[in-house]
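# Commentary on secondary and tertiary structure
The residues making up each chain are set out below.
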Amino acid sequence: MADTLTIRTAGITTVQDLGRVGRARYGLPANGAADQHSPRVANVLCGNDERAPLLEITALDFACIPSGDILVAVTGAPADVTVEGVIRPQWEPVSVRAGETIRVTGIRQGLRVYLAVLGSFEAEYLQGSCAPDTILGFGPTLRDGDQLALRTGCPPIDHPYSRIPLFRLHAPAPRFPTATAWTIDVTDGPDRAEFGDTAARLFGGPFTVSPQSNHIGLRLRGDVPRRVSQGEVLSRGVPIGAVEIPAGDELLVLHRGRGVTAGYPVLAVVTATALSTLGQVRPGHTIRFRHRTVDQAVNAYRAERNAIDLLRTRVRTTFEALDIPVPDAG
Amino acid sequence: MTGNVTITDCGDSALIAKAVGMEAEEAWRLVHALADALDAVQLTGVHGVVATYDALLVEFDCAGTDHDTVRRVLWHEAARIRPGSTRQAPSRRFVVPVVYGGEYGPDLPEVAAQLGLDESEVIALHSGADLTVRCLGAPAGAPMMDGPAFPRPVPRLASPRTRVDPGSVAVAGRQAVICPMPSPGGWPLLGRTPVRVLDLHSDPLTAYQPGDTFRFVPITPEQWDDYPDTPLAACHG
């Protein structure tokens, strides 16, 4: 029988991946991990395909126990990660023996932690992805006692001197603000002109993230720009990251679960790197928008992805040196 | 460069192409033909194509391609598309039973008042002609149609609902839609259909595609139970 990962304290945890791509034409949103950078790194640290299923742990404490020896990597928001009560590093692979308890507690500064396992685990797929879609009702939140079937194991990796980190892979970990103030990069949206002079308000005061925020969109309160033009807007495709002003005193930033069409003008678009940052922002936090050109945004994203590619090479070299089995691609 | 589309940056990972200087029908044909062409060339890095009424959103991984490359392909393909040359899939017809008004369509009185019509006139217009599906949109692959021949556009709700029941039949602006799954929504609700719009176990999830037509047929609340677990299906003949 295959080994399993038993969930002891589920908190708010889902089996997640990078999302359901290529189905927008059928009206299906991408969904997938709200922070795309951290799960990519977690999977790469385990030698996995970066699209492999992993756990997205939101805000609350989490614990699990593998029935076999495994290698895990925990990324995302700062938290206390322990194995059998001993603090283990985030953003590095960690060897875990059968029956040992992995705990993720005290998630802080950010909102979401990602836990990948070498070889990943079995997951249910819909339209090419295991990412939950809350509108379709697909992808359950895990419960205490649930078991996930592990696809492969990893023999224990011993180090003669415990407490000395086994790996020093220097994974690209983003900085999390110690205050609750975030900077979110945006480029101009296609309909910026519809907001006239008020468009500049986006870069004025801070905006506060409302409790009605989720993976579909974040609602922000503050001095919102006003649409100056009138008239019908036919529904059309809107990108993830679109900054809209539906009505009233709130900005809406569409995130990965956004419906693919909408009828509001798009004032700005959050950059690909800042979307991962936004996936970590908590309700009650404040954000300031920073204007970027499309070239600046593209370069920042390429640098981020390039750092992951370099990490993948270091992981491969290290795994070969330590004789760690590299999971099958895909 | 061609005169039939404008192409605008839409952030660091998307472009939006809009058909310009043509009738609505032709604009719709153009953007969907453009979407087909993009699907056919399978451009590296492009992972999302959303053709709607007169616009096409193209989403891509900007680490795998760039705006100029996608823009060039869009110009190239747009220049090849001639009026009348676009693919025309055979249109299918779906008949959709609807209970109008009451708890099924709580906004019917308000919509009638805004349009200066009786409720029965709104129902007659909504169910009186075949409505063409223009795209699959939000939420969850909803069929987005041309609206009925109302005298003027219908305003969206000032305060969107946090939950709209599945099968709800709604209108806004000059558009009509059926909401396949429970979801938030800001469109006024005229009624509700007992048939199941979407099937999670089929691929694609919905039976209809752009170009198909829907005909709404009024039924009474008593007839609701005549459609137990009935999927939406195209008519034959």
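Model, not experiment: these values are computed from the prediction.

What follows deals with the interface of chain A and chain B. Residue-level contacts link 39 residues of chain A with 51 residues of chain B. Summing both sides of the interface, chain A and chain B together bury roughly 3400 Å²; the carbon and sulfur share of this comes to 61%. Residue B:Asp61 is joined to A:Arg305 by a salt bridge in which the shortest nitrogen-to-oxygen separation is 3.1 Å. At the junction of chain A with chain B, the criterion picks out 13 residue pairs in polar contact (both at pLDDT 80 or more). For the side of chain A that touches chain B, the elements supplying multiple residues, two or more each, are strand S12 (181-188), strand S15 (236-237) and helix H3 (294-322) of chain A. When residues of the side of chain A that touches chain B are assigned to their parent elements, the largest contribution, 6 residues, is made by H3(A). Grouping the constituent residues of the side of chain A that touches chain B by class yields 21 nonpolar, 10 polar and 8 charged.

Residue and element names in this part refer to chain A. Put simply, helix H1 (residues 37-45) and H3 touch, their axes get as near as 9 Å, and they point 15° apart. The pairing of H1 with H3 is recorded here as roughly parallel in orientation. Regarding H1 and H3, the two cross each other, and that crossing is right-handed. Along its contact with H1, which presents His37, Arg40, Val41, Val44 and Leu45, the element H3 presents Tyr301, Glu304, Arg305, Ile308, Leu311, Arg312, Val315 and Phe319.

What follows concerns helix H3 (residues 108-115) of chain B. All names here are of chain B. By the burial criterion, the buried members of H3 are Leu108, Val111, Ala112 and Leu115. Projected onto a plane normal to the axis of H3, the buried residues spread over an arc of 100° and lie on a single side. Here the buried face of H3 lies against strand S5 (93-100), helix H4 (119-127) and strand S12 (189-192). With its phi angle positive at about 70°, Gly116 sits one or two positions after the end of H3.

Here we take up helix H1 (residues 24-41) of chain B. Residue and element names in this part refer to chain B. With 18 residues, H1 extends 26 Å between its outermost C-alpha atoms, agreeing within 8% with the 26 Å of an ideal straight helix rising 1.5 Å per residue. For H1, the complete set of buried residues consists of Ala27, Trp28, Leu30, Val31, His32, Ala33, Leu34, Ala35, Ala37 and Leu38. Where H1 is buried, its residues meet strand S1 (5-9), strand S2 (14-19), strand S3 (46-51), strand S4 (55-60), helix H2 (67-80) and strand S6 (131-137). Residue Gln42 follows H1 closely and has a positive phi angle near 45°.

The rules behind each value
- Residues numbered from 1 in each chain as written.
- Chains lettered and ligands numbered in written order.
- Predicted model: local features only at pLDDT ≥ 70, side-chain atom pairs only at ≥ 80, totals over all residues.
- Heavy atoms only, no water.
- Contact = heavy atoms within 4.5 Å.
- Buried area = accessible area lost by both parts, 1.4 Å probe.
- Salt bridge = Lys/Arg side-chain N within 4 Å of Asp/Glu carboxyl O.
- Polar contact = N/O pair within 3.5 Å; in protein donor to acceptor, adjacent residues only side chain to side chain.
- Helix = DSSP H or I, 4+ residues; strand = E, 2+ residues; numbered from the N terminus.
- Nonpolar A, V, L, I, M, F, W, Y, C, P; charged D, E, K, R; others polar.
- Axes fitted to C-alpha atoms, helices over the stretch in contact; angles between N-to-C directions.
- Parallel < 35°, antiparallel > 145°, perpendicular 65-115°, else oblique.
- Left-handed = near helix turned anticlockwise from the far one by under 90°.
- Buried < 20%, exposed > 50% of the residue type's maximum accessible area, 1.4 Å probe, protein only.
- Arc of directions from axis to C-beta.
- Expected span 1.5 Å × (residues − 1).

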